[in-house]
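Observations on chain architecture
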Amino acid sequence: MIMHTTLTDSVEEAAAILNSGGVVAFPTETVYGLGAGICHPEALLRLFRAKGRPADNPLIVHLSSVGQVAEVASSLSLQAEQLIERFFPGPLTLVLKKNFSVPYTVTAGLETVGVRCPANLVAREFLRLACCPVAAPSANRSGLPSATSWEAVMQDLDGKIDCLLRGTPSAIGLESTIVDCSGERPLLLRAGAITLEQLRTVVPEITTVAVTEPEERPKCPGLKYPHYAPKASILLCTEVEKIDLNESPAAYIGTAAQPKGVALFKVCSSLEEYGRELFRFFRLCDASGIGVIYCELPSDEGLGRAIRDRLMRAAGLA
Ligand code: AMP
Ligand code: MG
């Protein structure tokens, strides 16, 4: 169904639309989110439809303040409390045991809920004006690169959602780090801008999914779906010299010097810039008819772990 999408700069207008049962996209520091109030069951269903998101992929619940965690979680481990104390508000999602107020539509039937308190000030004001916590996946069509600007949200969702609260481009450009704190041992489910090394300064015992026994793995249903993929093929490279330009029109993104002969390139001066630009560049390549995008594969440490994860998934290798 085609509907009118209100494009606004007014946080009050966007919150009023959300509070009347609307589906509203809004800026955050990670990527743009697509929100529906957890107290609006119809809006939650419309959100899944607008994105084309499978019903078994749970949504992260966004809170305006740390104090709201108690509204959605039934209990907190000591480690969860320590991570909240250190990293909230910010680009970190914690999976916690849910309480009765969180519907199973949001958690895809799980007894746990992902919660995050964004640092972006527009997001916080929007969430403060919302009449209940806001479930919000990334504001892109399922499977495509996440939207890191309001223009990218419009490209994917214009006519499918009620409102887009316009903001600045996402400062981080990669989705939140996710840590499951609902079990015996905290587990990194998705790498992000809060790095494993930073997390371990607070909770040294955090493990990664790869080193856990299969039967111990808690579910992170979203990780089984294809993600972040542009139309162009992704080829991962560690050395620009090895790039084969017979595959053109080709593009390159990474931190190494610009390879000769590519039609489009983005040379980033830091991993932070690489993370921020990655999805924007993927969308630009698709709009420019690029066939192959060569992406530098960073090493598996610090922010490199998150960029690597997105690249592997975009390339269909994870
Ligand atoms: P997105 O909002 O599009 O970045 O996707 C949210 C991610 O969080 C997906 O990979 C979900 O599977 C994951 N997630 C959300 N809630 C939970 C939960 N309760 N348990 C495990 N993973 C979750
Ligand atoms: Mg997503």
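Located above this text is the structure these notes cover.
Here the residue numbering is sequential within each chain, running from 1 through the sequence in written order. Each chain gets a letter, beginning with A, and each ligand a number, beginning with 1, in the order they are written. Thresholds applied to this predicted model are a pLDDT of at least 70 for local features of residues and 80 or more for the giving and counting of side-chain atom pairs; totals over whole chains, interfaces and linings are not thresholded and use all residues. Remark: hydrogens and water are excluded; side-chain values derive from all non-hydrogen atoms of the structure.

1. So, unusual backbone geometry
Worth spelling out the cut-off: Going along the chain from the N terminus, every DSSP run of H or I of four or more residues is numbered as a helix, and every run of E of two or more is numbered as a strand.
In this chain, Phe88 is followed by Pro89 through a cis amide linkage whose omega measures -10 degrees. Among the secondary structure elements, Pro89 is positioned in the loop between helix H4 (78-87) and strand S6 (92-98). Of note, Ala108 is a non-glycine position whose phi angle comes to about 55 degrees, a positive value. Relative to the assigned elements, Ala108 resides in the loop between helix H5 (104-107) and strand S7 (112-116).

2. Considering the pattern of salt bridges
Applicable threshold: The salt bridge criterion pairs a side-chain nitrogen of Lys or Arg with a carboxyl oxygen of Asp or Glu, the two atoms within 4 Å. Burial here depends on accessible area, computed with a 1.4 Å probe over protein chains only, as a share of the maximum for the residue type. Under 20% is buried, over 50% is exposed, and the range in between is partly exposed.
With the rule as written, the count across this model stands at 10 salt bridges. A salt bridge links Asp309 to Arg313; its shortest N-O distance comes to 3.0 Å. In this pair, Asp309 and Arg313 are both assigned in helix H10 (residues 304-314), 4 residues apart and thus about one turn of the helix distant. Take Asp309: its relative accessible area is 16%, and that puts it in the buried class.

3. Remarks on the sheet that holds strand S14 (residues 250-254)
Which entries qualify depends on this criterion: Two strands qualify as a pair provided DSSP detects at least 2 bridges between them. In this analysis, axes come from line fits to C-alpha atoms, helices being fitted only over the stretch in contact, and the angle between any two N-to-C directions falls in the range 0 to 180 degrees. Between two residues, a contact is recorded if the distance between any of their heavy atoms is within 4.5 Å.
Taken together, 4 strands build an open sheet; the order of strands is S13-S16-S14-S15 and the sheet is parallel. At either end of the open sheet lies a strand with only one pairing partner, and these are strand S13 (233-237) and strand S15 (264-267). Adjacent strand axes in the sheet meet at a mean angle of 20 degrees when their direction is disregarded. Where S13 lies against strand S16 (residues 292-296), 5 bridges are found, and the strand directions are parallel. Opposite Ser233, over in S16, you have Val292 as the bridge partner. Set on the sheet, helix H9 (residues 271-287) makes contact with S13, S14, S15 and S16; between it and S15 the angle comes to about 170 degrees.

4. Some thoughts on the packing of H9 against H10
To keep it simple, the criterion reads: Note that the term roughly parallel is reserved for angles under 35 degrees, roughly antiparallel for angles over 145, roughly perpendicular for angles of 65 to 115, and oblique for everything else. By the definition used in this description, the sense in which the near helix is turned from the far one sets the handedness, with an anticlockwise turn below a right angle giving left-handed and a clockwise turn giving right-handed. Ten residue types, Ala, Val, Leu, Ile, Met, Phe, Trp, Tyr, Cys and Pro, are classed as nonpolar, four, Asp, Glu, Lys and Arg, as charged, and the remainder, Gly among them, as polar.
Interhelical geometry of H9 versus H10 gives an angle of 20 degrees and a closest axis separation of 9 Å. As summarised for this structure, H9 and H10 are arranged roughly parallel, according to the angle between their axes. When the axes of H9 and H10 are compared, the crossing they make is left-handed. Across the interface between the two elements, Leu271, Tyr274, Gly275, Leu278, Phe279 and Phe282 of H9 pack against Gly304, Ile307, Arg310, Leu311 and Ala314 of H10. Tallied by class, the residues present in the contact of H9 with H10 amount to 8 nonpolar, 2 polar and 1 charged.

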